[in-house]
Amino acid sequence: MIRTTLFLGSILLIPILLMIVIGVVVYKDAKAYDLNPWLWMVVAVFTPNLIGVIIYLVVRSNQEKKYTCSNCNAEVKADYNVCPNCQAIFENTCEICKHAVGSQMAYCPYCGAKVEENIVHQTATKVTKKTNLVKPLAIIGGICIAAFIAIFGLMFVMGATGGEMFNSSVSIMSVETSMGNHLKASFYYQTGRDSIKVKKQVGDTLVLRGDIKVEEGVITLTVKDPHGEVVYNEVYTGSQELEQKIPVYSEGKYTVGLKMDGAKGGYDLRAE
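The structure contained in this document is the topic of the report that follows.

**Considering the overall build of the chain**
- Assigned secondary structure in the chain consists of 5 helices and 11 strands.
- Across the 272 residues in the chain, those meeting the buried criterion constitute 35%.
- When contacts within the chain are restricted to residue pairs at least 6 apart in sequence, those whose partners lie at least 24 apart make up 62%.
- Surface summary for the chain: the accessible area is close to 16,700 Å², and the carbon and sulfur share equals 57%.

**Focus: the pattern of salt bridges**
- Inspection of the entire model under this criterion finds 3 salt bridges.
- The shortest N-O distance in the salt bridge between E243 and R209 comes to 3.4 Å. With a gap of 34 residues between them, E243 in strand β10 (residues 240–247) and R209 in strand β8 (residues 205–224) connect regions that are remote in the sequence.
- Classification of E243 by relative accessible area gives exposed; the value is 53%.
- In this structure R209 comes out as partly exposed when scored by relative accessible area, which is 33%.
- Among the salt bridges present, the one from R209 reaches E272, with a minimum N-O distance of 2.7 Å. One end of the pair, R209, is in strand β8; the other, E272, is in the segment after β11 (252–271), with 63 residues separating them in the sequence.
- A single network of salt bridges, built from pairs that share partners, joins R209, E243 and E272.

**Here we look at the environment of Q104**
- Examined against the element boundaries, Q104 turns out to sit in the loop between β3 (93–94) and α4 (115–118).
- Since its relative accessible area comes to 76%, Q104 is described here as exposed.
- Spatially, the C-alpha atoms of Q104 and E116 are 9.0 Å apart, while their sequence positions differ by 12 residues.

**Details of a positive patch on the surface**
- Together, R193, K197, K199, K224, K253 and K259 give the surface a local cluster of positive charge.
- Tracing the sequence through the fold places K199 in strand β7 (residues 182–200).

**A short note on helix α3 (residues 51–61)**
- Turning to α3, its buried residues number three or more, namely G52, V53, Y56, L57 and R60. Angular distribution of buried residues about the axis of α3 spans 135 degrees; they occupy a single face of the element.

Each value, and the rule that gives it
Residues numbered from 1 in each chain as written. Predicted model: local features only at pLDDT ≥ 70, side-chain atom pairs only at ≥ 80, totals over all residues. Heavy atoms only, no water. Helix = DSSP H or I, 4+ residues; strand = E, 2+ residues; numbered from the N terminus. Buried < 20%, exposed > 50% of the residue type's maximum accessible area, 1.4 Å probe, protein only. Contact = heavy atoms within 4.5 Å. Areas by Shrake-Rupley, 256 points an atom, 1.4 Å probe, with all protein chains shown as cover. Salt bridge = Lys/Arg side-chain N within 4 Å of Asp/Glu carboxyl O. Patch = residues over 30% accessible without salt bridge, like charges linked within 9 Å, V, L, I, M, F, W, Y side chains within 5 Å. Lys, Arg positive; Asp, Glu negative; His and termini not counted. Charge placed at Lys NZ, Arg CZ, Asp CG, Glu CD. Arc of directions from axis to C-beta.

As structure tokens, then:
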């Protein structure tokens, strides 16, 4: 029981750790690019199916381009002609009106001054600050892959040990619809039990109809009367159609149970 609890705790812990790491990555990345780090961390963590992360990456990629001065690496705006930190000049400028001018121009188009005599030459450039999406994508993608590997690794260990490792009901890729007087399931690997109860009167007949398919492992069908006594027991190791009639000698609820031991297959069984 303790091992089962530890296993289930591990399965629940992995997604929680995944969300924590994604939150930290998005927080730091948003802070580095002047986005609201707390807002985007909440969006990335609590929006299901990683949709929040996708939204964040789209918004981040559309951010206004940022520049740095090639001379001092200070951050500058796109319309700056002069670095406010080191006074480096980013474009050839007219000394009279301070507008940018081309070196091939004869006269400044803004003030008419002769360019050759009044030009202030460029001394630095504005370098585009790269918005690198590869790093956060690689980190988040790696985390997701590691989480899936861990989960399926644990499930594989369960399958390899036939469920005995935890002494409990274990199901991998199982789909069940058992209800009322109907037992139905299909699974890739399962070790556990499934059952229904059917109320009967003395003199009735309990009829079991359906089919049991076993590709691997064993499925055992057991019927118990209201006193807990076994009135029918059959072990299945292959596929078989079933139509079994069981006389009813005691009034009350009869338990129709299926026990799976490392079984691959399924069953579709009705008790009437």
